[in-house]
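Survey of secondary and tertiary structure
Each chain, letter by letter, is given below.
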Amino acid sequence: MNKISTKLALYFTIAVLVMEGLLMLYLYDNIIDTRIEEEFQSILSRGNSHRDVLEDRYSETTLHHIALMESKTETEVVITDQNHNVITGSRELTDGMRELIQVPPESLTREGRVIESNWKDMNYLATVTSFESERNEGYVYMFKSAAPLRNLISQLNRHFLLAGILSLIILTGIHFLLSKLLTRPLLKMKQATEKLSKGNFEVKLPELGQDELGDLSDSIQRLATDLETIQQERTEFLANISHELRTPLTYIQGYANVALREDIPESERKEYLNIIQEESKTILTLIENLFELAKIDENNFSIQTETIDSGSFYHKVINKVAPVFKRKGIDLILTVKEDFPFLADPIRLEQIVMNLLDNALKHSPPHSTTEVTVERNDSGNMSLLIHDQGMGIPPEELPQVFNRMYRVEKSRSREFGGSGLGLSIVKELVEAHGGQISIQSERNKGTSINIIL
Ligand SMILES: Nc1ncnc2c1ncn2[C@@H]1O[C@H](COP(=O)(O)OP(=O)(O)OP(=O)(O)O)[C@@H](O)[C@H]1O
Ligand SMILES: [Mg+2]
C-alpha cells in the first residue's frame, strides 16, 4: 500500500539530502578553497620575507638564522643557488623535495609562485621565490606538509557522513511517528466513512486534538450524527405521512360504503358525499404541500425575486383573505408604516403570508384582532409582523413548530384540520430568500411571527 507516511518520509529524506549536498558543495567551494588559499599565501609571504632579509644582508649568519628559525615551525625552508644546488635548509631533503628543487621555476615574478598545489596526493605544498643580492643569487623554497590539511578535510567528510547516517536514523523515527500520527487516524476515518456509506451510523472516532486531522475526524463524527438524524427524521416523516393519509382515507372508505347503500334517504347520502369531498380536499392539500416541500428540498429550487412595492402588495394579499376573517368575526388590520420597495419573490411571499394568516385564523376566537404590520427596519430590510390573539403555543412546544408535520397538541388537529407542514414550508421559503423568521407566543394571549427579508 502507498502509505502517506512513507511518501512524507521520502520527501523529507530528499529534502535533507539536497540540503546536505548543497552544504557540502558550499563548504568545498568556499571554506576549503579559502583555507587552502590561505595556506599558500602564508608560506609564500614567509618565503618572500626570507628573500627580503637575504637581499638586504646576505651572509652565512643570515642563512643559518633562517634555517634555524624554520626548523622550529611547521614550515620548512630550502635555499639554493641559481643552479639549484642547496646552500642551506631547515631539514634533510626528501626525494619529493629534491625533485621540486631540480625543476627550474618558470615565469617567476618578484612575488614568487606556488610550485606544488596538489594537497591531495603530495606530501608537501611548496612555493618558490628568487633572491638577488650582491653576494649571491638563487631561490628560496618553502615547504609545508599537506597532511594537516588532508586531515582537516577528511575530518569534515567524516562529519558529513555521520550527519547523513544520523539523519537517516532520525528519518526512520519520523517515518514511524508519522505513520502513528497520520496513517492510522486516516485509516480509521476511511473505515468510518465506509461504514457510513453502508448505512451504519455508529461511528466512534478517537479524539485527535485541534489540528486539521482532528477537524476532519470531528467533521466525520458530526456527519455520522447528522446522517443518523436525517435517517430518523425520514422514517418518522414517512410514518407521519402514511398516518395522515390513512385517517381521511378511512373516512372516505367508510362513508363511501354507507353512501352506496340503497336503503338510506337521499339527504343522508348527500351528507356522506360531502364528507367524502371534504376529506379528499384534505388529502389533496396534504399532497400539494408535500410536493412543495419536495421541490424546496431539491437543490435547484430557486426564487425569482423582483422589486415589490410594500403598500400595494400587502393590500392585495390582505384583501384576498379579508372575507374569511370577517365571516369568523375576526378583525384583520393591516398597517403599512411606509411605502417602500423591496426585493422578494411575490408568489412565494404571498404563500408565506397566506400560510401564517391561515394559522392565525384557525387558532383565533371570534371577536379577536389579527394585526399585520409592515415596516422598513433600521438596516433597510422589510419586516413583517403578524400578531393574533389566539390560543397561543405552549413554550415547550415552541421550538418544534417549524418541524415538518409537527402539530401542537395532536388532539386539536382534527378540529383545525392542519397537517403541520405550513410553518415548515414558510421557514424554508424565508430561508430561501436569505431572510429570518422568529416566533413568540403566550398561551391564551396570542402568537407573533416576525419575518425579515
Ligand atoms: N397562530 C397560531 N396560534 C396557535 N397555534 C399555532 C399558530 N400557528 C401555528 N400553530 C401551531 O403550530 C402547529 C404547526 O403549524 P403549521 O402551520 O406548520 O401546521 P398546521 O397549521 O397544523 O397545518 P398546515 O399549515 O399544513 O395546514 C399547528 O398545528 C398549531 O398547533
Ligand atoms: Mg398552518
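Preceding block: the structure.
A short tour of the structure in this document, coming up. (Residues numbered from 1 in each chain as written. Chains lettered and ligands numbered in written order. Predicted model: local features only at pLDDT ≥ 70, side-chain atom pairs only at ≥ 80, totals over all residues. Heavy atoms only, no water.)

1. Details of the overall build of the protein
Condition: Strands are runs of DSSP state E lasting at least 2 residues, helices are runs of H or I lasting at least 4, and numbering of each runs from the N terminus. A radius of gyration in this sense is built from C-alpha atoms; the matching globule rule multiplies 2.2 Å by the number of residues raised to 0.38. Burial here depends on accessible area, computed with a 1.4 Å probe over protein chains only, as a share of the maximum for the residue type. Under 20% is buried, over 50% is exposed, and the range in between is partly exposed. Contacts are residue-level and defined by heavy atoms, with any inter-residue pair within 4.5 Å sufficient. For the area figures, the Shrake-Rupley method with a 1.4 Å probe applies, and any residue is considered shielded solely by the protein chains shown. The charge count includes Lys and Arg as positive and Asp and Glu as negative, but it does not include His or the ends of the chains. Charged side chains are reduced to one point each, which is NZ for Lys, CZ for Arg, CG for Asp and CD for Glu.
Scanning the protein from N- to C-terminus turns up ten helices and twelve strands. For 453 residues, the compact-globule formula gives about 22 Å, and the C-alpha radius of gyration of the protein, at 51 Å, lies well above that figure. Dimensions of the protein, computed from the C-alpha atoms along their principal axes, are close to 160 × 55 × 35 Å. A burial count over the protein gives 39% of its 453 residues as buried. Considering only contacts in the protein between residues 6 or more positions apart, those separated by 24 or more positions represent 65%. Of the roughly 27,700 Å² of accessible surface on the protein, a fraction of 54% belongs to carbon and sulfur atoms. Across the protein, 48 positive and 66 negative side-chain charges occur, with their mean positions spaced 7 Å apart.

2. Quick notes on the pairing of strand β4 (residues 124–132)
Inclusion rule: Think of it this way: DSSP has to see at least two bridges between two strands before they count as a pair.
In terms of burial, β4 is largely enclosed, as seven of its nine residues are buried. Where strand β3 (residues 113–116) and β4 come together, three bridges link them in antiparallel fashion. Opposite R113, over in β4, you have V128 as the bridge partner. Pairing of β4 with strand β5 (residues 137–145), which is carried by nine bridges, proceeds in the antiparallel orientation. Residue pairing across strands places L125 opposite K144, the latter belonging to β5. Following β4, the chain reverses through four residues before pairing antiparallel with β5.

3. Let's talk about the sheet that holds strand β12 (residues 446–452)
The cut-off we apply is this: Throughout, an axis means a line fitted to C-alpha atoms (over the contacting stretch in the case of helices), and angles, computed between N-to-C directions, take values from 0 to 180 degrees.
Across the sheet, five strands lie side by side as β7-β9-β10-β12-β11; this open sheet has mixed pairing. Every other strand in the sheet has two partners, leaving β7 (331–336) and β11 (436–442) as the edge strands with one partner each. Geometrically, the sheet is characterised by an average inter-axis angle of 10° between neighbouring strands, direction not taken into account. Of the strand pairs in this sheet, strand β10 (residues 382–388) and β12 are connected by six bridges, and their pairing is antiparallel. Bridge pairing in β12 links I386 to I449. Those strands touched by helix α7 (residues 310–328) are β7, β9 (369–376) and β10, and its axis lies near 180° from that of β7.

4. Looking at the site of ligand 1
Keep this limit in mind: Think of it this way: one heavy atom of a residue within 4 Å of a molecule or strand is enough to make that residue near it. Polar contacts, as counted here, are pairs of nitrogen or oxygen atoms within 3.5 Å of one another; within protein the pair requires one atom able to donate a hydrogen and one able to accept it, and residues that are adjacent in sequence qualify only if both atoms are side-chain atoms. Throughout, the ten residues Ala, Val, Leu, Ile, Met, Phe, Trp, Tyr, Cys and Pro are labelled nonpolar, Asp, Glu, Lys and Arg are labelled charged, and all others, Gly among them, are labelled polar.
Looking at ligand 1, there are 19 residues lining it, with N359, D388, G420, G422 and L423 nearest. One nitrogen or oxygen atom from the main chain of V408 is found 3.3 Å from an oxygen atom belonging to ligand 1. In the complex, the protein chains occlude 94% of the 600 Å² of accessible area that ligand 1 would expose alone. If you list the elements that add at least two residues to the shell around ligand 1, you get α8 (346–363) and α10 (422–432). Of the residues forming the shell around ligand 1, the biggest block, three residues, is contributed by α8. Here the residues of the shell around ligand 1 sort into six nonpolar, nine polar and four charged.

5. Quick look at the sheet that holds strand β1 (residues 75–81)
Through backbone hydrogen bonds, the strands of a sheet pair up, either in parallel or in antiparallel fashion. The strand order β2-β1-β5-β4-β3 describes an open sheet built from five strands, whose pairing is antiparallel. The open sheet has two edge strands with one neighbour each: β2 (86–89) and β3. Adjacent strand axes in the sheet meet at a mean angle of 25°, parallel and antiparallel pairs treated alike. Across the sheet, helix α2 (residues 60–71) is in contact with β1, β2 and β5; its angle to β1 comes to roughly 155°.

6. What to know about the layout of surface pockets
Put simply, the test is: The definitions used throughout rest on a 1 Å grid laid over the protein atoms alone, on which a cavity is an enclosed set of points accommodating a 1.4 Å probe that cannot get out and a pocket is an open set flanked by protein within 12 Å on both sides along at least five of seven lines; lining residues are those having an atom within 4 Å of a point. Grid points are joined across faces, edges and corners, and a volume is the space filled by probe spheres set on the points.
In this model, the second largest pocket occupies a volume close to 160 Å³. Residue lining of the second largest pocket: K180, L181, R184, P185, K188, P206, L208, D211 and L213, and that is the complete set. Classifying every residue of the lining of the second largest pocket gives five nonpolar, no polar and four charged.

7. Thoughts on helix α3 (residues 95–102)
Spelled out, the test is: Here the arc refers to the directions that run from the helix axis out to each C-beta atom.
Of all the positions in α3, only M97, L100 and I101 are classed as buried. Down the axis of α3, the buried side of the element spans an arc of 100°, and every buried residue falls inside it. For α3, the exposed residues set more than 90 degrees away from the buried face come down to D95 and E99. Residues of α3 that are buried sit in contact with β1, β3, β4 and β5.

8. Section: the pattern of salt bridges
What counts here: Only one rule defines a salt bridge in this text: a Lys or Arg side-chain nitrogen within 4 Å of an Asp or Glu carboxyl oxygen.
Applying the stated criterion across every chain, the model contains 22 salt bridges. E194 serves as the salt-bridge partner of K190, at 3.6 Å between the closest nitrogen and oxygen. Placement of both K190 and E194 in helix α4 (residues 147–197) is noted, with a separation of four residues, approximately one turn of the helix. The closest approach of N and O atoms between E292 and R348, which form a salt bridge, is 2.5 Å. Of this pair, E292 sits in helix α6 (residues 266–297) while R348 sits in helix α8, and the two are 56 residues apart along the sequence. Given the relative accessible area of 12%, E292 is considered buried. Several salt bridges share partner residues, and in doing so they unite R35, E38, E39, E74 and K144 into one network.

9. So, a nonpolar patch on the surface
The condition is simple: Candidates for patches are residues over 30% relative accessible area with no salt bridge; among them, like charges are joined within 9 Å and nonpolar side chains (Val, Leu, Ile, Met, Phe, Trp, Tyr) within 5 Å.
Taken together, the side chains of I4, L8, L10, Y11, I14, V18, L22 and L25 present a nonpolar region at the surface, about 770 Å² in accessible area. If you trace the backbone, V18 turns up in helix α1 (residues 4–56). V18 gets classed as partly exposed once you look at its relative accessible area, which sits at 48%.

10. Topic: the nonpolar core
The condition is simple: Nonpolar cores are built from buried Ala, Val, Leu, Ile, Met, Phe, Trp, Tyr and Cys residues. Side-chain atoms within 4.5 Å join them into one set. Domain borders in the structure are assigned automatically or taken from a domain database.
Counting 50 residues, the largest nonpolar core has Y314, L349, L357, L384 and I451 as the members making the most contacts within it. Residues from two domains meet in this core; each of domain 2 (212–297) and domain 3 (306–452) gives at least three. Apart from residues no more than four positions distant in its own chain, L349 is found in contact with I308, F313, Y314, F342, A344 and L453. Among the nonpolar cores identified, the runner-up in size contains 18 residues, and I36, L54, V140 and M142 belong to it.

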